[in-house]
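Now for the letters of each chain:
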Amino acid sequence: MSNTLEEFKNLVGIKFEMYNSLFTSLPFHRVEKTGILLSLFLLHCEEGFRNEQSPAEIINSFFKQYTTYRNEKEQIDLLFRFIQYSERQVVLFDALEDAAFSATHDMNGAGTLKQLQSEVIQTNSEQALAQKLKDFSVRMVLTAHPNQFYPREVLGIIHDLGKALYRDDTVLVNTYLQQLGKTPFFKKQKPTPYDEAVNLIWFLENVFYQSAGRILSFLYDQFPDAIDEKNQLIRMGFWPGGDRDGNPFVKADTTLKVAEALRGSIIKCYYRDVRLLKGRLTFQGVDTLLATLEDRLYKNLFIPGYNADLSKDEITDTLIKIRSILIEKHNSLFLNKVNNLLNKVNLFGLFFASLDIRQDSSIHRKLVEQISEKTSILPRNYKSLSQEAKIQALQSIDSLFLDTDLDKETFDTLMAIKTIQKFNGPEGCHRYIISHTTSALDVMEVYGLCLMTGWKKEKISIDFVPLFETIGDLQSAGEVMRVLYENEIYLQHLKRRNSAQTIMLGFSDGTKDGGYLMANWSIYKAKEELTRISREYDVKVVFFDGRGGPPARGGGKTHQFYASMGKNIANKEIQLTIQGQTISSNFGTMDAARYNMEQLMHSGISNALFSSRDITLSKQEEELLQELSDESYEAFNVLKENPDFLEYLDYASPLRYYAEANIGSRPSKRKSGKLNLNDLRAVPYVGAWSQLKQNLPGYYGVGIAFEKLAAAGKWEDIRNLYRHSLYFKTLIDNCEMAMSKCFFPLTAYLSKHPKYGELWNMFHDEFERTRKYVLLLTGKSDLMGDKAADKLSIHMRQRIELPLITIQQYALTMIREGANKNADASESKIFEKLVMRCSFGIINAERNSA
């Protein structure tokens, strides 16, 4: 640990101070003065918060003490320059961490495939590994939920800057910093869903394509007899352009356009690799095969309207022929390069990433009911039928729907799935996720809509994926699936789909609905129950976790959660969403992507092969976790039902400005109208708490639960649970991470507010209570005391963002004061712009804030 910390200090800490000084020499307006004043401002903020000053008091005293600026325009101009400077400091820090990744992480240590290799050899587990790998895989689904603030151009600079920093090329670093200074961070227009897709395809091309290929090559080289070529160990999924839940801008033509872009992108990757192979495989009999393949790929890429029936099989057949010739005639020269490309073609096909379709169940319900009222496809009294009768009517449909007056978009989407499967292959688009599933009917309505679109029952090549999100929905998920499994028509559909049922579980809405502990525990219990019921019906259940970046949305050290699943939870596959910032922070470079993918793979494989003891929770441990969750849930509900709860968040945070920040195509609320918790999206909800530096969803209720059970004489039981359960330890570790990013002095001025003071003090008291009990439980003197490098990273990032959070709270204060005085609207707009500009830097500095 000390070596990691020293590496971090040398490669990130010291270099940050050194390269940060280059900013002051950049040829931009007043940049030198800005840098000097920003350094003074940072120290002034730290001193001000120690003296319990408000952000407004800190900024006003700074202008008086350190500047001659007395009019508001000059002051605002300096604050904007501080923001611009800080934004670029964040980018420099990101790039330095990326460049140092392989030095600050043990790339061959715990949780890596190199360690897996040693474990397998030492325990003679080759056969057990082969059995596990027959149906094991890790599926990472990239989403474009609006918490990624870097424009694509800036991501490219970070990528190149990281390489220059790794090589210590100071001249090139200086050039990239100048480019960074002139590149805008602010998006003047909202991105379209297609823009979001193109941004994420950049990561597929530049990171995942190479990283996944190298991982597969390593596994094939080390365990050739354990790998089943029919089962892809790594799979990529994709939501931009397919996820229309709450996003009115995603249409069927968007989905088709994104699928086409994915196909074009992967063909481009193959084309580049074939071109490189041509430079090495210059041998007779091989060169002509490669030239033909190159020509086919070229025409598919660059000739408009070229109607080539290029298929994955054609590419793999050519590469297999080349491989045979190399073995037979050319001493297997460069065989590894051919195998590497072949592995990637088997993995990515012509689809690159499987495009998921997602829609809210209420949309299907409304459409089906309209069809029953206006056509003869369904009984006219459909709305009044029982669930059982409705399902019977839906699965008996034998006519097409042709009425274009109703929701044509849903039918166009179902037709688009057919088109994508034709051109990108069956894996190109085969999952339909139904948000807010509360009953079996929600799934069967989509099944019925497929029949109306012309799909024959025995030919439906779609996997229907129910999504359970709220605490109530998670608790009733088992019964919903039992009804589906009891349905002979649906069970036959599953048998045609390899007897596999994917079920998605949402962490974000669960936390919003029930608080941190109850959300996580409800998902654990749902997985237990769903596993038991699925095994009862001989169905292979696969859990797809909807995880965000921070612990409050199922993020944090996710691989530890998968390593902690007991035998009573199905673990054939690991499937999870990789959202927003997490894509660039955890998978932004090839080293980081390889490391984090290996951690996920290792957690799923080692759990089955090497657990020295049964990690399944005992009955007593489950009862204790249930008790903790119930107490936490009760505490969170008291808070949630406070009429001022959401008003406080709206008042004190930048919540209302999320929709105006132009960071994503999706609205921040599901429905227009008065703000309420049900309709508020999880990203702005969690992100707003993060920018307030209170991170409430990541710990609230934990301290109260600990205190109550400790008073009941159960503290020693909790300590034993922490010592023996990796699952519980991971929950607490992630809670620590959320709390480590809190800074209550920022909003301490609200503690005496006539309306919101009581709430602020409730939050602060629970933070201190949770901190006290977590430290007592872990035996540490500081939060994250056992993760010194991570803790230092958070500390350095917090110092970079301190001026930003101070300016943001100052701007919010000025907006509120202006509203009270009925000030000029143009003045308010300036402060609103300050709030939004600060948001970019704050969230980028946090790396997993939402």
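The model shown is predicted, which means the values in this text are computed figures rather than measured ones.

Undergrad: So what's going on with the nonpolar core? Residues and values would help.
TA: Among the nonpolar cores identified, the biggest contains 260 residues, and M140, F238, F464, F706 and F728 are the most heavily contacted of them. No other element matches helix α4 (residues 72-99), which puts 14 residues into this core. With near-sequence residues (within four places) excluded, M140 lies in contact with F208, I234, R235, M236, G237, L576, I578, F587, M597 and L600. Residues W239, I433, L467 and F544 belong to the second largest nonpolar core, which totals seven residues.

Undergrad: Lay out the sheet that holds strand β2 (residues 234-238) in plain terms, naming residues and giving numbers.
TA: Spatial ordering of the open sheet is given by β3-β2-β1-β9-β8-β7-β6-β5-β4, a layout of nine strands whose pairing is parallel. Each edge of the open sheet is held by one strand with a lone partner, namely β3 (354-355) and β4 (357-360). Of the strand pairs in this sheet, strand β1 (residues 137-143) and strand β9 (residues 573-579) are connected by seven bridges, and their pairing is parallel. Bridging from a neighbouring strand, S137 pairs with E573 of β9. This element, helix α10 (residues 193-222), spans β1 and β2 of the sheet and lies at about 175° to β2.

Undergrad: An account of a nonpolar patch on the surface is requested, with residue identities and associated values reported.
TA: Taken together, the side chains of Y298, F302 and I303 define a hydrophobic patch exposed on the protein surface, amounting to about 270 Å² of accessible area. Tracing the sequence through the fold places I303 in the loop between α12 (287-302) and α13 (312-329).

Undergrad: Which residues make up the packing of α4 against helix α34 (residues 825-846), and what values go with them?
TA: Between α4 and α34, the least distance of the axes is 9 Å, while the angle of their chain directions is 15°. With respect to α34, the element α4 is oriented roughly parallel. Here the hand of the crossing between α4 and α34 comes out left-handed. Where α4 abuts α34, its residues E72, I76, L79, F80, I83, Q84, E87, V90 and D94 lie against E827, I830, F831, K833, L834, R837, C838, F840, G841, N844 and A845. Per-class residue counts for the contact of α4 with α34 are eleven nonpolar, three polar and six charged.

Undergrad: Tell me about the packing of aromatic side chains, and please be specific about residues and values.
TA: Any aromatic ring pair is given by two values, namely how distant the centres are and how the planes are angled relative to each other. As enumerated under the stated definition, the model contains 41 aromatic pairs in all. Considering the side-chain rings of Y209 and F352, the 6.2 Å spacing of their centres and the 80° angle between planes classify their relative orientation as edge-to-face. With Y209 in helix α10 and F352 in the loop between α14 (335-348) and β3, this pair connects stretches of sequence that are 143 residues apart. A relative accessible area of 1% places Y209 in the buried class. By way of ring pairs, the aromatic residues F645, Y648, Y651, Y685, W689, Y700, Y756 and F763 are connected into one cluster. Directly above the ring of F544 sits R431, whose terminal nitrogen or CZ lies 4.6 Å from the centroid. Positioned over the ring face of F80 is K833, at 5.8 Å from the centre of the ring.

What counts, and at which threshold
Residues numbered from 1 in each chain as written. Predicted model: local features only at pLDDT ≥ 70, side-chain atom pairs only at ≥ 80, totals over all residues. Heavy atoms only, no water. Core = buried A, V, L, I, M, F, W, Y, C linked by side-chain atoms within 4.5 Å. Buried < 20%, exposed > 50% of the residue type's maximum accessible area, 1.4 Å probe, protein only. Helix = DSSP H or I, 4+ residues; strand = E, 2+ residues; numbered from the N terminus. Contact = heavy atoms within 4.5 Å. Pairing = 2+ DSSP bridges. Axes fitted to C-alpha atoms, helices over the stretch in contact; angles between N-to-C directions. Patch = residues over 30% accessible without salt bridge, like charges linked within 9 Å, V, L, I, M, F, W, Y side chains within 5 Å. Areas by Shrake-Rupley, 256 points an atom, 1.4 Å probe, with all protein chains shown as cover. Salt bridge = Lys/Arg side-chain N within 4 Å of Asp/Glu carboxyl O. Parallel < 35°, antiparallel > 145°, perpendicular 65-115°, else oblique. Left-handed = near helix turned anticlockwise from the far one by under 90°. Nonpolar A, V, L, I, M, F, W, Y, C, P; charged D, E, K, R; others polar. Phe/Tyr/Trp six-rings, centres within 6.5 Å; stacked < 30°, edge-to-face > 60°. Lys NZ or Arg CZ within 6 Å of the ring centre and 35° of its normal.

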